[in-house]
Amino acid sequence: MLKNTQALIAIAAFAAAAVLATGGAIWAVTAIESRSTQAVDAALDDAGIDWADVRADGLQVHLTGTAPTEAARFQALATTGAIVDAARVIDDMQVAETEGIRPPDFLMEILRNEDGVQIVGLVPAAVDHDTVVEGLRALSPDLVVTDLLESADYDVPPGWFVAMGYGIEAVKALPRSKVSISADRVSIIASSDTAEEKRRLEGELRRNLPDGLGLSMDITAPRPVITPFALRFLIDEERGARFDACSADTERGRDRILRAAAAAGATGDLSCTLGLGVPSPQWAEAAEKGIAALAELGGGSLTFADADVSLIAAEGTEQALFDRVVGELETALPEVFSLNAVLPETPAETERPEGPVEFTATLSEEGEVQLRGRLENDQMREAVESFAHALFGADSVYVATRMDPELPDGWPVRVLAALEGLGALDHGRALVRPDLVEITGETGKAEASEEVSRLLAEKLGPGQEFRLNIRYDRALDPVASLPTPQECVAGLNAILSDAQITFAPGSARIDAAARGTLDALAAQMVQCPDVAMEVAGHTDSQGRLEMNLRLSQERAEAVLEALRARRVLVGNLTAKGYGSDRPIGDNTTAAGREANRRIEFTLIQPEGTEETADTEETPDTADDTGTTDATSEAAGAVDESQITVPVQPADDNTPRPEPRPGDAEAEADATTEEEANAAAADAPAADEAEPDATSDAEADAADIQAEAENDAQTAPAVADTGAAEDDLAAAQEEIVVTAQPAGPDTPRPQRRPSAD
């Protein structure tokens, strides 16, 4: 009994010890987990890592959460490994998915001056540096081009190549410029030699701006040297108050002069040319006072030519008013200015019995000049005639003048000045009288009136009256009236839409009926000498692809040669044949095939620009046998607008394909009478052909074939039968070949070509 009791006590003691040991172990593990979790949490908080969660599992420490970056995940692991053994750290963290890296802002800057061209910036890797550099170096063989471009391999932004091509063309036109190019905008800072050149450049750059591309432009021009420094202000009942010429030395002075003119009654778009050469810093003050004096008189003219001032009152002005206004003006003008005031007398009948004393010069719209009226002597007549020949051309001048030795003093100067003024117009009339020089007409030069006014003020001298009625016609402006490149192409294609250029069947020989169309194209292209265009030839899908491609190329080249024969400068034209790759009509119908056989003009984009929607790849077409045209896919991989496909003529050793029924181009290869007859023998009877096989065109083709066969049979053995064989081949292209009906499931063959 005692032994049993002792055994139970021992067992209980062992059990209690086990319980105590287990409890102690659990407490120890829990304590370790808690301390590890707290220590790691504190370390992560100190490191600013608030996205990670810590969980202890025995001696292991689990890290969970989503790290913003891979670097942040490694930082959390390193921070935890510094607190506990790295082997105990279990990485259960995730890394957030990163967004695609934003492509950089591509920017190219081109700087050009007399020393060379420098290209800097970041461009897509697809940009060919060598092409850009060579294109700029072509401006001059001695031009130094420094390429400092960097590249980044990202997708090309939409519109980049269009903007780059436009920017490069702008650099070529601007010898002193900085052009900044981005995908959606081009910024131009440049200088020009003259104000006229500035306007021309601004007009060309705006006309050539591609659709959707932004443009900022700042082209400066040095102020012109104006000599004489002139101003002419008039007031009359017919046309009111106005400037014939206005010059100013500063913007502030210009504003003073224009305010004085407005106060005197001038309306509309008033302007004053800023320039150098002013005779006095008080020019604006003098002009202001002179205009106010003329307004007080109520009419007449005020002319400044450097420091000489002429004030001519209107006829009928009261003497007392005239004396007072002139006296006040003489006192008010700065010392450097000299006033010559004239009050015209009431005109009396001074005409001689033999007619008025006058000289007239008339310039017609065709450029013909007629000189009539009075000159002093033969020497003066020779001088006037020589001067007119120099201005207008020797073949354009007709002289019908009479001698009058009693002409007033200064008559030769007045006549020559009037002729020089007339030379600034496109057409008009110059009238010279003892008391007046008058020039009227139209011009395409906006500054013509001001230039003529300065000229007459200088040549005639102070106190001499002259009148100008010169109208600017924008249609006569050689720069403003030029069509844009897009308008050039549209105009040429409009001519072709009215009357397409036609060719002899199967050849590149232009029909005589197309002469009028070619003449119209040549006349239109006179306005587009610098527009790069492509003369594109197209065929229908009938016949072999290679033959169609060759034929379209030859036809495009034939049109180019026909334009050259009409004295058109064709250096800006490129001939390109596309065969049947770009149909605009249904090749299964006669009307569609006729529409596809065409010549058209397309605009060649500057090198490196993207093609427009007009040159998008068209779906593949099929030939007569249903075979897909793989050539069009290959052609779509290159810039077709810049490539001319060479045509390699076949030599005597080139194997010729066997003619196939229904393949007119293959039949054209049969250059002997026997082969042609064999090809014709495969054709079915005429009554089994399609209903439209008996058209007039096909009947004509049969006649042509008969004539060609007869020529081939009757030609001497030693004669060159090539012409007859060509006619035979051309005739066979007009023949419709059909298969014998074999049942409802038999495929219906295609008709043969009627023109290509």
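Everything here concerns the structure above.
Residues numbered from 1 in each chain as written. Predicted model: local features only at pLDDT ≥ 70, side-chain atom pairs only at ≥ 80, totals over all residues. Heavy atoms only, no water.

Undergrad: Which residues make up the overall build of the chain, and what values do they have?
TA: Helix and strand content of the chain: 20 helices and 25 strands. For the chain, with 756 residues in total, the buried portion stands at 40%. Put simply, of all contacts in the chain between residues at least 6 apart along the chain, 67% involve residues at least 24 apart. When the accessible surface of the chain is totalled, it reaches about 39900 Å², and 51% of it is carbon and sulfur. (Helix = DSSP H or I, 4+ residues; strand = E, 2+ residues; numbered from the N terminus. Buried < 20%, exposed > 50% of the residue type's maximum accessible area, 1.4 Å probe, protein only. Contact = heavy atoms within 4.5 Å. Areas by Shrake-Rupley, 256 points an atom, 1.4 Å probe, with all protein chains shown as cover.)

Undergrad: I'd like a description of a negative patch on the surface, backed by residues and values.
TA: Together, Glu-365, Glu-366, Glu-368 and Asp-395 give the surface a local cluster of negative charge. Structurally, the position occupied by Asp-395 is in the loop between helix H9 (378-392) and strand E19 (397-403). Asp-395 sits in the exposed class, given a relative accessible area of 77%. (Patch = residues over 30% accessible without salt bridge, like charges linked within 9 Å, V, L, I, M, F, W, Y side chains within 5 Å. Salt bridge = Lys/Arg side-chain N within 4 Å of Asp/Glu carboxyl O. Lys, Arg positive; Asp, Glu negative; His and termini not counted. Charge placed at Lys NZ, Arg CZ, Asp CG, Glu CD.)

Undergrad: Account for the packing of helix H10 (residues 411-422) against helix H11 (residues 448-460), naming residues and giving values.
TA: Between H10 and H11, the shortest axis-to-axis distance is 10 Å and the interhelical angle comes to 170 degrees. Here H11 runs roughly antiparallel to H10, going by the angle between their axes. In terms of crossing hand, the pair formed by H10 and H11 is right-handed. Contact residues: H10 offers Val-413, Arg-414, Ala-417, Ala-418, Glu-420 and Gly-421, while H11 offers Val-452, Leu-455, Leu-456, Lys-459 and Leu-460. Here the residues of the contact of H10 with H11 are counted per class, giving seven nonpolar, one polar and three charged. (Axes fitted to C-alpha atoms, helices over the stretch in contact; angles between N-to-C directions. Parallel < 35°, antiparallel > 145°, perpendicular 65-115°, else oblique. Left-handed = near helix turned anticlockwise from the far one by under 90°. Nonpolar A, V, L, I, M, F, W, Y, C, P; charged D, E, K, R; others polar.)

Undergrad: Report on the sheet that holds strand E25 (residues 598-603), specifying residues and quantitative values.
TA: Reading across from one edge, E24-E23-E25 is the order of the three strands in this open sheet, with mixed pairing throughout. Each end of this open sheet is capped by a strand with a single partner; those strands are strand E24 (573-577) and E25. Along the sheet, successive strands turn relative to each other by an average axial angle of 25 degrees, direction set aside. Bridging between strand E23 (residues 533-538) and E24 involves five bridges; their strand directions are parallel. (Pairing = 2+ DSSP bridges.)

Undergrad: How would you sum up the sheet that holds strand E17 (residues 359-363)? Please name residues and give values.
TA: Spatially, the six strands line up as an open sheet ordered E19-E18-E17-E20-E21-E22, and their pairing is mixed. If you trace the sheet from one side to the other, it starts and ends with E19 and strand E22 (466-472), each paired once. For this sheet, the mean angle separating the axes of adjacent strands, direction not counted, is 5 degrees. Judged from the five bridges that link them, E17 and strand E18 (residues 369-375) form a sheet pairing that is antiparallel.

Undergrad: Tell me about the pairing of E17, and please be specific about residues and values.
TA: For E17, the buried fraction is high: four of the five residues fall into the buried class. The hairpin formed by E17 and E18 contains five residues between the paired strands, and Gly-367 there has a positive phi angle of roughly 95 degrees. Relative to strand E20 (residues 427-433), E17 is paired through five bridges, and the arrangement is antiparallel. Looking at the pairing, Phe-359 lines up with Val-432 of E20.

Undergrad: Tell me about the pattern of salt bridges, and please be specific about residues and values.
TA: Scanning the entire structure with this criterion turns up 26 salt bridges. Linking Asp-404 and Arg-374 is a salt bridge whose minimum nitrogen-to-oxygen distance equals 2.7 Å. Residue Asp-404 is found in the loop between E19 and H10, and its partner Arg-374 is found in strand E18; the two are separated by 30 residues along the sequence. For Asp-404, a relative accessible area of 5% puts it in the buried group. Judged by relative accessible area, which is 3%, Arg-374 ranks as buried. A salt bridge links Asp-540 to Arg-597, with the nearest nitrogen and oxygen atoms 2.6 Å apart. In this pair, Asp-540 is assigned in the loop between E23 and helix H14 (545-565) and Arg-597 in the loop between helix H15 (590-596) and E25, connecting sequence segments 57 residues apart.

Undergrad: Quick one: what's the story with the state of the cysteines, residue by residue and with numbers?
TA: Inspection of every chain in the model, using the stated rule, returns two disulfides. Across a sulfur-sulfur distance of 1.6 Å, Cys-246 and Cys-272 are joined as a disulfide pair. On the sign convention where negative means left-handed, the S-S torsion of about -55 degrees between Cys-246 and Cys-272 marks this disulfide as left-handed. With a gap of 26 residues between them, Cys-246 in the loop between strand E11 (240-245) and strand E12 (247-248) and Cys-272 in the loop between helix H6 (251-263) and strand E13 (273-274) connect regions that are remote in the sequence. When sorted by exposure, Cys-246 lands in the same class as Cys-272, which is buried. Cys-488 shares a disulfide with Cys-528; S-S distance 2.0 Å. Measuring the twist about the S-S bond at about -95 degrees, one finds the Cys-488-Cys-528 disulfide to be left-handed. You can see Cys-488 sitting in helix H12 (residues 485-498) and its partner Cys-528 sitting in the loop between helix H13 (515-525) and E23, a full 40 residues away along the chain. Considered together, Cys-488 and Cys-528 belong to a single accessibility category, that of buried residues. (Disulfide = S-S within 2.5 Å.)

Undergrad: Please give an account of the nonpolar core that cites residues and values.
TA: With 38 residues, the main nonpolar core has Leu-231, Phe-233, Phe-243 and Ile-257 as its most contacted residues. In terms of residues, this core owes the most to one element, helix H7 (residues 283-297), which gives eight residues. Dropping the residues within four chain positions of it, Phe-243 is found in contact with Leu-231, Arg-232, Phe-233, Ile-257, Leu-258, Ala-261, Leu-270 and Ile-291. Leu-363, Leu-371, Ala-430 and Val-437 belong to the second-largest nonpolar core, a separate cluster that totals 34 residues. (Core = buried A, V, L, I, M, F, W, Y, C linked by side-chain atoms within 4.5 Å.)

Undergrad: Describe H7, with residues and values.
TA: In this model, H7 (15 residues) spans 21 Å end to end at C-alpha, consistent with the 21 Å of a helix rising 1.5 Å per residue. Residues Trp-283, Ala-284, Ala-286, Ala-287, Gly-290, Ile-291, Ala-293, Leu-294 and Leu-297 constitute the buried set of H7. Directly beyond the C-terminal end of H7, a positive phi value near 90 degrees is found at Gly-298. (Expected span 1.5 Å × (residues − 1).)

Undergrad: So what's going on with the pairing of strand E5 (residues 116-124)? Residues and values would help.
TA: Judged from the seven bridges that link them, strand E4 (residues 107-113) and E5 form a sheet pairing that is antiparallel. Looking at the pairing, Asn-113 lines up with Gly-116 of E5. The antiparallel hairpin formed by E4 and E5 contains two residues in its connecting segment. As for the winding sense of the linkage, the β-α-β connection from E5 through helix H3 (residues 129-137) to strand E6 (residues 145-152) is right-handed. (Right-handed = clockwise from strand over helix to strand, strands pointing away.)

Undergrad: Lay out the packing of H12 against H13 in plain terms, naming residues and giving numbers.
TA: Running from N to C, H12 and H13 point in directions that differ by 165 degrees, and their axes come no closer than 9 Å. Classified by the angle their axes make, H12 and H13 are roughly antiparallel. Here the hand of the crossing between H12 and H13 comes out right-handed. Contacts between H12 and H13 involve Glu-487, Cys-488, Gly-491, Leu-492, Ile-495 and Leu-496 on the former and, on the latter, Thr-517, Ala-520, Leu-521, Gln-524 and Met-525. Classifying every residue of the contact of H12 with H13 gives seven nonpolar, three polar and one charged.

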